[in-house]
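Listed below are the residues making up each chain.
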Amino acid sequence: MSVEVYYDDDADLALIQAKKVAVLGYGSQGHAHALSLRDSGVEVVIGLPEGSKSRAKAQEQGLRVLTPADAAAEADVIMVLAPDTVQRSLYADAIAPNLTAGKALFFGHGLNIRYGLITPPADVDVAMVAPKGPGHLVRRQYVDGKGVPALVAVEQDATGNALALALAYAKAIGGTRAGVIRTTFKEETETDLFGEQAVLCGGAAALVQTGFEVLTEAGYAPEIAYFECLHELKLIVDLMYEGGIARMRYSVSDTAEYGDYTRGPRVVDARVKEEMRKILSEIQSGEFTRELIAEDDAGRPNFTKMRAEGAAHPIEETGKKLRDMMSWVDRPITETA
Ligand SMILES: NC(=O)C1=CN([C@@H]2O[C@H](COP(=O)(O)OP(=O)(O)OC[C@H]3O[C@@H](n4cnc5c(N)ncnc54)[C@H](OP(=O)(O)O)[C@@H]3O)[C@@H](O)[C@H]2O)C=CC1
Ligand SMILES: CC[C@](O)(C(C)=O)C(=O)O
Ligand SMILES: [Mg+2]
Ligand SMILES: [Mg+2]
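Bear in mind that the values here come from a model prediction, so they are computed numbers and not experimental data.

About the thresholds
- Residues numbered from 1 in each chain as written.
- Chains lettered and ligands numbered in written order.
- Predicted model: local features only at pLDDT ≥ 70, side-chain atom pairs only at ≥ 80, totals over all residues.
- Heavy atoms only, no water.
- Domains from an automatic or database assignment.
- Contact = heavy atoms within 4.5 Å.
- Buried area = accessible area lost by both parts, 1.4 Å probe.
- Salt bridge = Lys/Arg side-chain N within 4 Å of Asp/Glu carboxyl O.
- Nonpolar A, V, L, I, M, F, W, Y, C, P; charged D, E, K, R; others polar.
- Phe/Tyr/Trp six-rings, centres within 6.5 Å; stacked < 30°, edge-to-face > 60°.
- Helix = DSSP H or I, 4+ residues; strand = E, 2+ residues; numbered from the N terminus.
- Buried < 20%, exposed > 50% of the residue type's maximum accessible area, 1.4 Å probe, protein only.
- Near = heavy atom within 4 Å.
- Polar contact = N/O pair within 3.5 Å; in protein donor to acceptor, adjacent residues only side chain to side chain.

*Asks:* Explanation requested: the domain arrangement of the protein chain in the structure shown.
*Replies:* Its domain assignment divides the protein chain into domain 1 (5–183) and domain 2 (196–325). Computed from C-alpha atoms alone, the centre-to-centre distance between domain 1 and domain 2 is 31 Å. Each side of the interface is counted separately: domain 1 has seven residues, and domain 2 has 10 residues. With both sides pooled, the region where domain 1 packs onto domain 2 buries about 710 Å², and carbon together with sulfur makes up 56% of that total. The three residues of domain 1 that bury the most area against domain 2 are Thr85, Arg88 and Tyr115, which together make up 64% of that side's buried surface. There are one salt bridge connecting domain 1 and domain 2. The closest approach of N and O atoms between Asp297 and Arg88, which form a salt bridge, is 3.2 Å. For the side of domain 1 that touches domain 2, the class distribution of residues is three nonpolar, two polar and two charged.

Here's what the structure looks like:
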């Protein structure tokens, strides 16, 4: 099955420039969308609770900040970029009372719609513009004249203009420079959760930490284990990113390539693939989302513990020391104005 990919010429920026956009949340995605929308000539207002620590950042960058309810009331397009676990209450308290007919409700990820945590009224557009990359890089690439690919989806098309508006929004944040694919809230949500759990975040972090542990437990220097299992991974993935797995295999030695074919499938074996299928089925059934919401409702006891354990892993201390000697590597994450 082939998909249609939209580029700059397929999107009309004027459609989003004619609207006032409220960006609710000013974190990784929120700051990137808001600043790039503004730089693309769109009127933007930020919605943040009174006590939010993000308020000062948004104001320093010259953005107007209101409460989420006031921002939603003013806006034609309301983009929800608060944490997924917060969106239900944000919707009930601040958005729903201000979501009048003909407005557009946008998301950067489909979780709350896909699992029925939010049910908007039928007379508004409901769409998604989901960049396929971390927000800080979405902004960095936009500023550099590049773009991060994005997905768009339309859940409700009350005005008949929802797709065109979503594409215009995607253009304003640089998405159509790289390519935008139309999907559904279901497909975006399930593939995004699977990707971050099994491959991009969960899978990659576990692979790196386990490789580091095997080498250091066998008595090798942690610094060498760090370079081998984490630092060099970026350089190897850069080659995959630029030219596919084939280009990486072209650039590495024949010895590495032979080891890749013969040993790689022993690490990621049939058991791992079966576990990946199980992870996917927990996503599809809603089990993962129920667990996530229950954990958040309970005050995140396990999340907090796991975050602290991850930060205390020996690879972090070794890495910090080594990165301090490479000024070009330790590039701080900033909200690029
Ligand atoms: N991180 C990423 O790169 C990606 C994220 N997404 C999606 O984007 C959305 C936002 O995620 P992300 O950018 O990571 O979130 P972050 O955790 O980075 O930022 C959340 C922001 O929302 C604010 N916030 C918290 N509560 C409220 C509230 N009640 N009303 C308004 N704002 C609030 C926070 O303010 P405070 O400073 O007070 O905490 C913060 O500014 C999610 O749906 C996520 O799945 C999609 C693609 C990639
Ligand atoms: C890979 C994690 C992600 O899905 C993303 C940056 O795209 C997220 O939810 O942050
Ligand atoms: Mg993602
Ligand atoms: Mg995600």
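*Asks:* How do you make sense of the packing of aromatic side chains when you look at a structure like this?
*Replies:* A ring pair, where both rings are aromatic, is described by two values, the distance of the centres and the angle of the planes. Enumeration according to the criterion identifies three aromatic pairs in this entry. Residues Phe107 and Phe185 carry aromatic rings whose centres are separated by 6.2 Å and whose planes lie at 80° to one another, so their mutual orientation is edge-to-face. On the criterion of sequence distance, the pair formed by Phe107 in strand β6 (residues 104–107) and Phe185 in helix α10 (residues 185–200) is long-range, its members being 78 residues apart. Phe107 gets classed as buried once you look at its relative accessible area, which sits at 0%. Residue Phe185 is classed as buried on the basis of its relative accessible area, which comes to 2%.

*Asks:* What is the right way to read the site of ligand 2 from this model?
*Replies:* The environment of ligand 2 is formed by Gly133, Pro134, Asp192, Glu196, Leu200 and Cys201. Measuring from an oxygen atom of ligand 2, one finds a side-chain N or O atom of Asp192 at 3.1 Å. Glu196 is positioned such that a nitrogen or oxygen atom in its side chain is 2.6 Å from an oxygen atom of ligand 2. Looking at the shell around ligand 2, its residues break down into three nonpolar, one polar and two charged.

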